[in-house]
Amino acid sequence: MEHQDARLLVESEVVRVFDVTCWAPRSGYGAMEFNTIAQIGLPRRGVFVIERQRQRVVIDTNTALLLGPNDEYRVSHPTSDGDDGTVLVFAPQLLEESLGGLGGRVAQLRPRHQLAASLVTGALADSGLDQLEAEEATLLLLAFLAPAFADRAAGEGDPRLGPAQRLRIEQARTLLASSPAKRWDLTGLAQALGCSPFHLARQFRAATGETISRYVLRLRLALALERLAEGERDLAALAVDLGFSHHSHFSARFRTAFGITPKDAREILTNRRLNELRALAAVT
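Procedures and definitions
Numbering of residues starts from 1 in each chain and follows the order in which that chain's sequence is written. This being a predicted model, a pLDDT of at least 70 is required before a residue's local features are given, and a value of 80 or more before pairs of side-chain atoms are given or counted; all residues contribute to the totals for chains, interfaces and linings. Water and hydrogen atoms play no part in the side-chain values, which are based on all heavy atoms of the structure. By definition, two strands form a pair when at least two bridges between them are found by DSSP. Numbering of helices and strands runs from the N terminus; a helix is a DSSP stretch of H or I covering at least four residues, while a strand is a stretch of E covering at least two. Think of each axis as a best-fit line through the C-alpha atoms, taken over the contacting stretch in the case of a helix, with angles from 0 to 180 degrees between the N-to-C directions. The criterion used for residue contact is that any of the two residues' heavy atoms lie within 4.5 Å. Summary of the burial criterion: residues with accessible area below 20% of their type's maximum are buried, those above 50% are exposed, and those between are partly exposed, where the area comes from a 1.4 Å probe applied to protein chains only. Of all possible arcs, the one meant is that of the directions from the helix axis to the C-beta atoms. By nonpolar core we mean a set of buried residues, namely Ala, Val, Leu, Ile, Met, Phe, Trp, Tyr and Cys, connected to one another through side-chain atoms within 4.5 Å. In what follows, roughly perpendicular refers to angles from 65 to 115 degrees, roughly parallel to angles under 35, roughly antiparallel to angles over 145, and oblique to any angle outside these ranges. Throughout, a crossing is termed right-handed when the near helix is turned clockwise from the far one, and left-handed when it is turned anticlockwise from it by less than a right angle. For this classification, the nonpolar set comprises Ala, Val, Leu, Ile, Met, Phe, Trp, Tyr, Cys and Pro, the charged set comprises Asp, Glu, Lys and Arg, and every other residue, Gly included, is treated as polar. In this analysis, rings of Phe, Tyr and Trp, with Trp reduced to its six-membered ring, are considered paired at centre separations within 6.5 Å, and the interplanar angle assigns stacked below 30 degrees, edge-to-face beyond 60, and tilted for intermediate values. Two thresholds decide whether a charge sits over a ring: the Lys NZ or Arg CZ must be within 6 Å of the ring centre and within 35 degrees of the ring normal.

Asker: So what exactly am I meant to see when it comes to the sheet that holds strand 2 (residues 15-22) here?
Answerer: Whether parallel or antiparallel, the strands of a sheet pair through hydrogen bonds between backbone atoms. Taken in spatial order, the six strands line up as 1-2-9-4-7-10 in an open sheet, and their pairing is antiparallel. Because the sheet does not close on itself, it has two edges, and the strands there are strand 1 (4-11) and strand 10 (105-108). When the angles between neighbouring strand axes are averaged without regard to direction, this sheet yields 20°. Relative to strand 9 (residues 83-90), strand 2 is paired through eight bridges, and the arrangement is antiparallel. For threonine 21, the partnering residue across the bridge sits in strand 9 and is aspartate 84. Across the sheet, helix 8 (residues 212-229) is in contact with strand 4 (39-45), strand 7 (63-67), strand 9 and strand 10; its angle to strand 4 comes to roughly 85°.

Asker: Would you explain helix 1 (residues 92-99) in this entry?
Answerer: Quick reminder: α-helices carry 3.6 residues per turn. Residues three or four places apart thus point the same way. Those residues of helix 1 lying buried are Leu94, Leu95 and Leu99. The arc that holds the buried residues of helix 1, viewed along the axis, is 110°, so those residues lie on one side. Facing away from the buried side of helix 1 by more than 90 degrees, the exposed set consists of Gln93 and Glu97. Where helix 1 is buried, its residues contact strand 4, strand 7, strand 9, strand 10 and helix 3 (131-150).

Asker: Just to check I follow, could you spell out the nonpolar core for this structure?
Answerer: Proteins that are soluble and globular tend to have nonpolar side chains buried together. Core analysis: the largest hydrophobic core is formed by 54 residues, its most contacted members being Ile40, Leu42, Leu95, Phe250 and Phe254. The element that contributes the greatest number of residues to this core is helix 3, accounting for ten residues. Those residues within four positions of phenylalanine 254 in sequence are excluded, and the remaining contacts are Leu221, Ala224, Leu225, Leu228, Gly259, Ile260, Thr261, Pro262 and Ala265. Of all hydrophobic cores here, the second largest spans 19 residues; its members include Val58, Leu193, Cys195 and Ala207.

Asker: Would you take a moment to explain the packing of helix 2 (residues 111-125) against helix 3 for this structure?
Answerer: What describes two packed helices is the angle between their axes and the distance between those same axes. For the pair helix 2 and helix 3, interaxial distance at closest approach is 10 Å and the crossing angle is 160°. Viewed along their axes, helix 2 and helix 3 adopt a mutual orientation that is roughly antiparallel. Remark: the crossing between helix 2 and helix 3 carries left-handed chirality. Counting all contacts with helix 2, which are made through His113, Ala116, Ala117, Val120 and Leu124, the residues of helix 3 involved are Ala134, Ala137, Thr138, Leu141, Phe144, Leu145 and Ala148. Looking at the contact of helix 2 with helix 3, its residues break down into ten nonpolar, two polar and no charged.

Asker: When you look at the packing of aromatic side chains in this model, what are you seeing that I'm missing?
Answerer: Note on aromatic pairs: each is described by the distance of the centres and the angle between the planes. Taken as a whole and assessed by the stated rule, the structure comprises four aromatic pairs. Summarising the aromatic geometry, the rings of phenylalanine 244 and phenylalanine 250 are spaced 5.2 Å apart at their centres and angled 50° between planes, so their arrangement reads as tilted. Comparing phenylalanine 244 with phenylalanine 250, the two get one shared label, buried. Residue placement shows lysine 182 over the ring face of tryptophan 184; its charged tip is 4.4 Å from the ring centre. The ring of phenylalanine 244 carries the charged tip of arginine 220 above its face, separated from the ring centre by 5.7 Å.

Written out as structure tokens, the structure reads:
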């Protein structure tokens, strides 16, 4: 596919895993695409928008996407920064057993999911695992993700929100995910969306189940995981790059979310310590 590179990390009868990089320029919706086999997409950096069944959904590092077989969709890119992600293609019967069906849906990820995805992707990319180890690691990741995909009610948000209000929240998510390190304020974000700060804050929480500030924090922490997995050592510079006021603020928020310090995360991610995956992914 143009503007996209997919590196195959694992290929077996159980699962195929791809490390996907997209460098598409900022654009509106492209041509309609047809999906032939169920697959899970886990963004690790960047943002894109998918239109499926006439519904517009922002896919960022706080979300996971399950495309079902026979899904028709089209994609737009709100920025020119591109995106990176992990794509998992499990055997259909295995995926159906784990998720209770192959129908397309979006899941809201939590810190434990993001940490597990980063760790598994890094371990598979090293090519140091044999096939059995690789399959077991991806199946463990699927087990962690299954409850998020099963929680459809949380993904659907408050049914009292109308189409225009839902669209506004998706536009807000697009802006936030496009520039997570920006020092956002509620007034400026509301003005960009043409609504009042009060209504934006209330509707965002109704649609996503969390505050805008919490959502932005999780976007920033997901980017921190990606940088730490690459071996980033200057934590003070990383904190500033991600929009935190200082190093200690970043470290405190990181530890609250993941249960470990940024230094501990860097060690685990760079050394691909899969033996700690179960305990780490259980952190709330």
